[in-house]
Amino acid sequence: MNQTTNEPAESGGPSETLTEQPTMIRILCGFGGLFLLTLGLATAYFAPMGRGLFSEGWGYLFTAVGCALLVFHAIRDSDTEVRRVYGGLGALMLVLAIGLSVAPVKLAGMDEGVSGVLLMPWGALAGLLSVLFLVNFARHETDVNLSAWVRLTLGAMGGLLAVLSVMLGLIKPDSLLGTGFVLGVLALVFLVSFFVVTDLSTGWARYLPLGLGTLGGIAVVYSIGKAIFPIVLFEGPTALMNAGNTTDKWAVIGRLIAIVISLSLLLALVLKQCPKWLRYSIAGTGVVFAGLFTLACFTTLGTIAPTPYFVPNGLILMFIGLAFVATSYVIVSDHPLAILTRREILGLAYSPIAYIVLFSAAIVGLLGHWLFYAGMTSGPVVPEPILLNHLGLHILACIMAVFAVPAITMRSFSEEKRSGTLEMLFTAPVNEWPVVLSKFLPAWLLFGLLFVPMMIYLMAMVVVGGSSFDQRPLLSYFLVVMVCGASFISVGLFFSSFTRNQIVAAVMTFAVMMFFFLIGILSGDISQTIKGLSPATASGLTAIMDRIGFYQLWMSSLRGQLELTPVVFHASVAVFFLFATTKVLEARKWN
């Protein structure tokens, strides 16, 4: 008789395994971040009332560290419950950001509330946190509908903020220095996050980068035209005359050159790789510019002299427009430079080094701004330019650059060589220049982002605190910093192309950065030491050291001065070392 049993049959398949849970990250970043966030918010609320164990400043610091830990946890932990909690937190932060930005607030001496007062800093900070949580939710979420709604929110908010930033520049240019600039930065953050998590080859998403580039092009053309043509048309033919009321041949030559340059934009019609609408837009812009220059040679329009527009409003609008155009080009173009640049930007986005450097820069900027604000409020009245007393913009910024540049550039080629991906890269139909520039541009952009927190602190002091000062030196300062940054990054890339070891590349770059820094700091002491031997030699050596070192150059830019000789020197250094890096990479063919 056959005997049957109720025991389950043994399965022949592999045993079930459980996914490893990030326990330490949950404890340290999740619970630790939540604790610090709660402690910080409570401290910031109760400290002004004279209650609590810590001061209000410590409360803001605890809040910032807690938010950073929660964001890191959201990035690393992809568990369903965890990511949806952070997704809900991101949606809540977005609603809070919109509410803070549009809610009317009554200011002192006003009967009605004013919208946008809380945009800086609270609305902008809440918006930034919402992006960080939502983009990580979109990356990890497996529910197609939820992920699609989050991507739609990121794209729609980014597009709306981009349009608002440009519209403010067109309608209310005085708001560009504060509100317009912040909206432009937030627009790029939302849109770049959207581009990272979205397939742009199908659907409505493929039109968003093109729209962003078109909007940026409109901003650039408007800022240039608004800065030039009201003055040119008001002066009319008198601009071509000299003091003796005779024709100035050099002014005529300059006007002809401007007309020829404008008409040269018609060459865009032969660029078959560009879309037809773009070719005709560029050519039409050139025709309009040439026509306005020609009209100004024969007639005068207007009876009231126009106010200067380019500095600072036109320059800020042009900067926002160029950022939109560059982002659109990198996303849309199939050129090897654009493709490789996208690859490097994504590599930086997923690299902890970038976030460590940016967080350190924010702390340095906060320390420098705290020292600056404390000195301005407790000491005697300081004459303009008061930015010379901002330690965060010169001595602390110089020290930050010395340490940040090696950290940014050390992995550029060293890691590619160590992992063997560099040789794989060069098997593609691409030469050395796009590879070098694709490494240089994202690193240069990251270097520029290090100084954004300092700029935001200063803008917040104007918009929120109501403290006014001459902001024009910030333009010359940022221009000088970016030119010097180009030379620093190019040096770091050069040393990174020499070795497979990241530490060796970082040490060599750090040594050159220290040389650039110390030679500017110690130029006066060195010249005094050798002055007794030869005053002429001491004077010449001092001039050379001031041009090589960047500390004195940054100080002079904070006075509103733009010294062309050291600027050209650092630009030449950048070009030379980029060229040298390409030759180092070409040398691999000789082996």
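The present account deals with the structure reproduced in this document. (Residues numbered from 1 in each chain as written. Predicted model: local features only at pLDDT ≥ 70, side-chain atom pairs only at ≥ 80, totals over all residues. Heavy atoms only, no water.)

1. Some words on the side chain of Thr327
Along the polypeptide, Thr327 turns up in helix α10 (residues 310–332). Assessed through its relative accessible area of 15%, Thr327 is described here as buried. Reaching out from Thr327, the side chain makes a polar contact with the backbone oxygen of Ala323 at a distance of 2.8 Å. (Helix = DSSP H or I, 4+ residues; strand = E, 2+ residues; numbered from the N terminus. Buried < 20%, exposed > 50% of the residue type's maximum accessible area, 1.4 Å probe, protein only. Polar contact = N/O pair within 3.5 Å; in protein donor to acceptor, adjacent residues only side chain to side chain.)

2. Quick notes on the side chain of Lys439
By the secondary structure assignment, Lys439 is in helix α16 (residues 432–449). Classification of Lys439 as buried rests on a relative accessible area of 5%. Excluding anything up to four places from it in sequence, Lys439 contacts Arg343, Glu344, Ser412, Phe413, Glu416 and Leu493. (Contact = heavy atoms within 4.5 Å.)

3. Remarks on the packing of aromatic side chains
Tallying each qualifying case throughout the model produces 27 aromatic pairs. Relative to Trp554, the ring of Phe451 has its centre 5.9 Å away and its plane inclined at 80°; by these criteria the two rings are edge-to-face. Of this pair, Phe451 sits in the loop between α16 and α17 (452–463) while Trp554 sits in helix α22 (residues 551–558), placing them 103 residues apart in sequence. Exposure remark for Phe451: the relative accessible area of 0% places this residue in the buried category. Aromatic pair Phe494 and Phe498: ring centres 4.8 Å apart, planes at 90°, arrangement edge-to-face. By relative accessible area, Phe494 is classed as buried at 14%. Members of the aromatic cluster, each reached through a chain of ring pairs, are Phe447, Phe451, Tyr477, Phe488, Phe515, Phe516, Phe517, Phe550 and Trp554. If you follow Lys439 out to its NZ or CZ, it ends over the ring of Phe413, 5.6 Å from the centre. (Phe/Tyr/Trp six-rings, centres within 6.5 Å; stacked < 30°, edge-to-face > 60°. Lys NZ or Arg CZ within 6 Å of the ring centre and 35° of its normal.)

4. Here's the deal with the environment of Pro442
By the element assignment, Pro442 lies in helix α16. Owing to a relative accessible area of 4%, Pro442 belongs among the buried residues under this scheme. Linking Pro442 and Leu348, residues 94 residues apart in sequence, is a C-alpha distance of 7.9 Å.

5. Observations regarding the packing of helix α7 (residues 207–235) against helix α9 (residues 276–296)
Relative to each other, α7 and α9 sit at 5°, their axes nearing to 10 Å. On the basis of the axis angle, α7 is roughly parallel to α9. Along its contact with α7, which presents Thr214, Val221, Ile224, Gly225, Ile228, Phe229, Val232 and Leu233, the element α9 presents Trp277, Thr285, Phe289, Leu292, Phe293, Leu295 and Ala296. Residue classes in the contact of α7 with α9 are distributed as twelve nonpolar, three polar and no charged. (Axes fitted to C-alpha atoms, helices over the stretch in contact; angles between N-to-C directions. Parallel < 35°, antiparallel > 145°, perpendicular 65-115°, else oblique. Nonpolar A, V, L, I, M, F, W, Y, C, P; charged D, E, K, R; others polar.)

6. A closer look at the pattern of salt bridges
Tallied over the full model, the rule gives eight salt bridges. Among the ionic pairs, Glu416 bridges to Arg343, the shortest N-O distance being 2.9 Å. Taken as a pair, Glu416 in helix α14 (residues 414–419) and Arg343 in helix α11 (residues 336–349) lie far apart in primary sequence, 73 residues in all. The exposure class of Arg343 is partly exposed, given its relative accessible area of 36%. (Salt bridge = Lys/Arg side-chain N within 4 Å of Asp/Glu carboxyl O.)

7. Regarding the environment of Ile259
In this fold, Ile259 is placed in helix α8 (residues 249–263). Remark: the alpha-carbon pair of Ile259 and Val287, spanning 28 residues in sequence, is separated by 9.1 Å. Residues in contact with Ile259, not counting those within four places in the same chain, are Ala290, Phe293 and Thr294.

8. Things to note about a nonpolar patch on the surface
Residues Leu263, Leu266, Leu267, Leu269, Val270, Leu271, Tyr280 and Val287 make up a contiguous nonpolar surface patch of roughly 710 Å² in combined accessible area. Inspection of the secondary structure puts Val287 in helix α9. Under the relative-accessibility criterion, Val287 is labelled partly exposed at 43%. (Patch = residues over 30% accessible without salt bridge, like charges linked within 9 Å, V, L, I, M, F, W, Y side chains within 5 Å. Areas by Shrake-Rupley, 256 points an atom, 1.4 Å probe, with all protein chains shown as cover.)

9. Observations concerning α11
In a regular helix each residue adds 1.5 Å, so 14 residues correspond to 20 Å; α11 covers 20 Å between its end C-alpha atoms and thus fits that length. Residues of α11 that are buried include every one of Leu337, Ala338, Leu340, Thr341 and Glu344, and no others. One face of α11 carries all of its buried residues, which in axial projection span an arc of 165°. (Expected span 1.5 Å × (residues − 1). Arc of directions from axis to C-beta.)

10. Re α7
Helix length check: α7 (29 residues) gives 42 Å between terminal C-alpha atoms against 42 Å at 1.5 Å per residue, within 8%. At Gly225, α7 shows its largest kink, close to 30°. Within two residues after α7, Gly236 carries a phi angle of roughly 60°, on the positive side. (Bend = angle between axes of the 7 residues up to and from the residue.)

11. Some thoughts on the nonpolar core
With 59 residues, the main nonpolar core has Phe447, Leu450, Phe451, Tyr477, Phe488, Phe550 and Trp554 as its most contacted residues. Per-element accounting of this core gives the leading share, ten residues, to helix α18 (residues 472–496). In this view, Trp554 contacts Leu393, His394, Ala397, Cys398, Ala401, Phe451, Tyr477, Val480, Val481, Cys484 and Phe488; residues no more than four positions away in its chain are not counted. (Core = buried A, V, L, I, M, F, W, Y, C linked by side-chain atoms within 4.5 Å.)

12. Considering the packing of α16 against helix α23 (residues 564–586)
Contact geometry of α16 with α23 gives a least axis separation of 9 Å together with a crossing angle of 125°. Taken together, the axis directions place α16 and α23 in an arrangement best described as oblique. Our pair here, α16 against α23, has a crossing hand that is right-handed. On α23, the residues touching Glu432, Trp433, Val436, Leu437 and Phe440 of α16 are Leu578, Phe579, Thr581, Thr582, Leu585 and Glu586. Of the residues in the contact of α16 with α23, the class split is seven nonpolar, two polar and two charged. (Left-handed = near helix turned anticlockwise from the far one by under 90°.)

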